[in-house]
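As a plain string of letters, each chain reads:
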Amino acid sequence: MSSRERILGRVRRALADVPRDDAPIERAYLREHGARSVAETTALLAENLADYRALVHRCTAGDLAVTIAGMLAARGSRTVLVPPGLEPSWLAEAEAEQVPDRIESTPHELDGIDSVVTACAVAVAETGTIVLDGSPDQGRRRITLVPDHHICVVRVPEQVVSSVPQALERLDPARPLTWISGPSATSDIELDRVEGVHGPRTLEVVLVGDQSSEDVNS
């Protein structure tokens, strides 16, 4: 008898006298905490992103290329990694060399890239979280984990939801989902914070909608 069979046998014996109840599980939890307008939901997203130490910017679609170019220039980025399905116009004003995402790229090569620009699948206002699902405009998971600077574009309002339950309804669980709440950070037992250990040290989020360009970091 294998270890697996022994463990499953113990589970069956432990549950032998437990009555079976096939009634549906009650899931009457709140789908969102309070009613908010689109503007209020977007403002909450920006606030929570900034609380996680992400750098948040807002601009119109017409200003997006200039905004991204300015962010790359301010960072001093000489190279920028580009997912295969990224909208070309987003980087039309960027002076940095555009490096395509290649399957054969090694982690060492990716570590030498200054920045990466991606879209996202959805953004959650109540938790300040952006979710990537590996779509062509987001690329493979590793391109947003190895480079030290990640610029993520969020379309407002179509990609912004209030809560995690609302986000889950939009996502395909079979896709490689990456949930990001701020730049990579960890701390030791003395609570000394260290950033950039298992992801980008700097996360910049651009909320693209009808609002004019501005920096919304507190």
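Residues numbered from 1 in each chain as written. Predicted model: local features only at pLDDT ≥ 70, side-chain atom pairs only at ≥ 80, totals over all residues. Heavy atoms only, no water.

Colleague: Even after reading the chapter, I still don't get the pattern of salt bridges, so can you show me in this structure?
Modeller: Two side chains that carry opposite charge are able to pair once their charged atoms sit near each other. All told, the structure shown has seven salt bridges when counted by the stated rule. With a shortest N-O distance of 3.7 Å, Arg102 and Glu109 are connected by a salt bridge. The exposure class assigned to Arg102 is partly exposed, which follows from its relative accessible area of 33%. Owing to a relative accessible area of 41%, Glu109 belongs among the partly exposed residues under this scheme. For Arg201, the salt bridge is made with Asp148, and the minimal N-O distance between the two is 3.1 Å. Separated by 53 residues along the polypeptide, Arg201 in the loop between β11 (193–195) and β12 (202–209) and Asp148 in the loop between β6 (129–132) and β7 (149–155) bring together distant segments of the chain. Several salt bridges converge on common partners, so that one network encompasses Arg75, Asp148 and Arg201. (Salt bridge = Lys/Arg side-chain N within 4 Å of Asp/Glu carboxyl O. Buried < 20%, exposed > 50% of the residue type's maximum accessible area, 1.4 Å probe, protein only. Helix = DSSP H or I, 4+ residues; strand = E, 2+ residues; numbered from the N terminus.)

Colleague: What's the story with a nonpolar patch on the surface in this structure? I'm lost.
Modeller: Judged by side-chain polarity, Ile7, Val11, Leu15 and Val18 come together as a nonpolar surface patch covering roughly 340 Å² of accessible area. Residue position: Val18 is located in the loop between α1 (3–14) and α2 (38–51). Val18 gets classed as partly exposed once you look at its relative accessible area, which sits at 43%. (Patch = residues over 30% accessible without salt bridge, like charges linked within 9 Å, V, L, I, M, F, W, Y side chains within 5 Å. Areas by Shrake-Rupley, 256 points an atom, 1.4 Å probe, with all protein chains shown as cover.)

Colleague: What should I look at first to understand the environment of Gly199 in this one?
Modeller: Its location among the elements puts Gly199 in the loop between β11 and β12. Residue classification places Gly199 among the buried positions, given a relative accessible area of 6%. In sequence terms Gly199 and Asp137 are 62 residues apart; their C-alpha atoms lie 19 Å from each other. Setting aside residues no more than four positions away along its own chain, Gly199 makes contact with Leu145 and Ser184. (Contact = heavy atoms within 4.5 Å.)

Colleague: Can you help me understand the nonpolar core in this one?
Modeller: Here is a general trend for soluble globular proteins: nonpolar side chains tend to be buried in one another's company. Judged by nonpolar contacts, the single largest core of 20 residues is most densely connected at Leu45, Leu49, Ile130, Val154, Val205 and Leu207. At the level of elements, α2, β6, β7 and β12 are the ones that each hand at least two residues to this core. Among the elements that take part in this core, α2 stands out by supplying five residues, more than any other. Aside from chain neighbours lying at most four places away, what touches Ile130 is Leu49, Val122, Ala123, Cys152, Val154, Thr178, Trp179, Ile180, Leu203 and Val205. Ranked by size, the runner-up nonpolar core spans 18 residues in total, among them Leu72, Val80, Ala96 and Ile151. (Core = buried A, V, L, I, M, F, W, Y, C linked by side-chain atoms within 4.5 Å.)

Colleague: Looking at this structure, I do not really get the pairing of β7. What am I missing?
Modeller: Successive residues of a regular strand alternate their side chains across the two faces of the sheet. Within β7, six of the seven residues are buried, which leaves it mostly tucked inside the rest of the structure. Here β7 pairs with β12 via seven bridges, running parallel. By the bridge assignment for β12, Ile151 is matched with Glu204. (Pairing = 2+ DSSP bridges.)

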